[in-house]
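Report on the structure
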Amino acid sequence: MPLLRDGVKFVHGLRVGIAAAVGMIVLVPCALHSAVTPADYERALSLQERYRTLVSHLPDNVGWIEGTHRFVYRRTISGGP
């Protein structure tokens, strides 16, 4: 039975190694050649507005209660803003 366990460990190690190699082959060139553009920032800033209706319990702007250590905020609910 020890042979089976060693074989399983070998296969698992081989899968991890292959996944790491594929990840490096795919991700490293993308990271080296991609530059962030102003359009990328604009898309990122528009995400919250585009997906606001799909998320429940999303907090809105925070307002401090003057003279205290408390604050208030609005939250979205299912089916409404």
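Keep in mind that this is a model prediction, so the values were computed, not measured. (Residues numbered from 1 in each chain as written. Predicted model: local features only at pLDDT ≥ 70, side-chain atom pairs only at ≥ 80, totals over all residues. Heavy atoms only, no water.)

1. Regarding the overall build of the chain
Worth spelling out the cut-off: Helix numbering and strand numbering both begin at the N terminus, where a helix is a DSSP run of H or I of at least 4 residues and a strand a DSSP run of E of at least 2. Three exposure classes are used, based on accessible area relative to the maximum for each residue type with a 1.4 Å probe and protein chains only: buried under 20%, partly exposed in between, and exposed over 50%. Contact criterion: two residues are considered in contact whenever any of their non-hydrogen atoms come within 4.5 Å of each other.
Assigned secondary structure in the chain consists of two helices and two strands. Along the chain, from the amino end to the carboxyl end, the secondary structure elements read α-α-β-β. Out of the 81 residues belonging to the chain, those deemed buried represent 2%. Considering only intrachain contacts with a sequence separation of at least 6, the fraction spanning at least 24 residues in the chain is 0%.

2. Side note on the pairing of strand E2 (residues 71-75)
Sheet faces and side chains relate simply in a regular strand, where the side chains alternate between the two faces. Where we set the bar: A pair of strands counts as paired when DSSP detects no fewer than two bridges linking them.
Bridge count for strand E1 (residues 59-64) against E2 is four bridges, and the pairing is antiparallel. The partner of Pro59 across the bridge, within E2, is Arg75. Turn length for the E1-E2 hairpin, with the two strands adjacent in sequence and antiparallel, is six residues, and the turn residue Gly67 shows positive phi of about 80 degrees.

3. Focus on the pattern of salt bridges
For the record, the criterion: Salt bridge, as used here: a side-chain nitrogen of Lys or Arg that lies within 4 Å of a carboxyl oxygen of Asp or Glu.
Summed over all chains, the structure comprises one salt bridge. The partner of Arg43 in a salt bridge is Asp40, with the nearest N and O atoms 2.2 Å apart. Of this pair, Arg43 and Asp40 both sit in helix H2 (residues 38-51), three residues apart, roughly one helical turn. Given a relative accessible area of 26%, Asp40 falls into the partly exposed group.

4. Description of the packing of aromatic side chains
Let me state the cut-off plainly: In this analysis, rings of Phe, Tyr and Trp, with Trp reduced to its six-membered ring, are considered paired at centre separations within 6.5 Å, and the interplanar angle assigns stacked below 30 degrees, edge-to-face beyond 60, and tilted for intermediate values.
In the structure shown here, the tally under the stated rule is two aromatic pairs. Three or more aromatic residues joined by ring pairs make a cluster, and in this case those are Trp64, Phe71 and Tyr73.

5. Some details on the environment of Leu54
Tracing the backbone through its elements, the reader meets Leu54 in the loop between H2 and E1. We classify Leu54 as exposed; its relative accessible area is 66%. Separated by 24 residues in the primary sequence, Leu54 and Ser78 have C-alpha atoms spaced 8.7 Å apart.

That is the geometry; function is a separate question.
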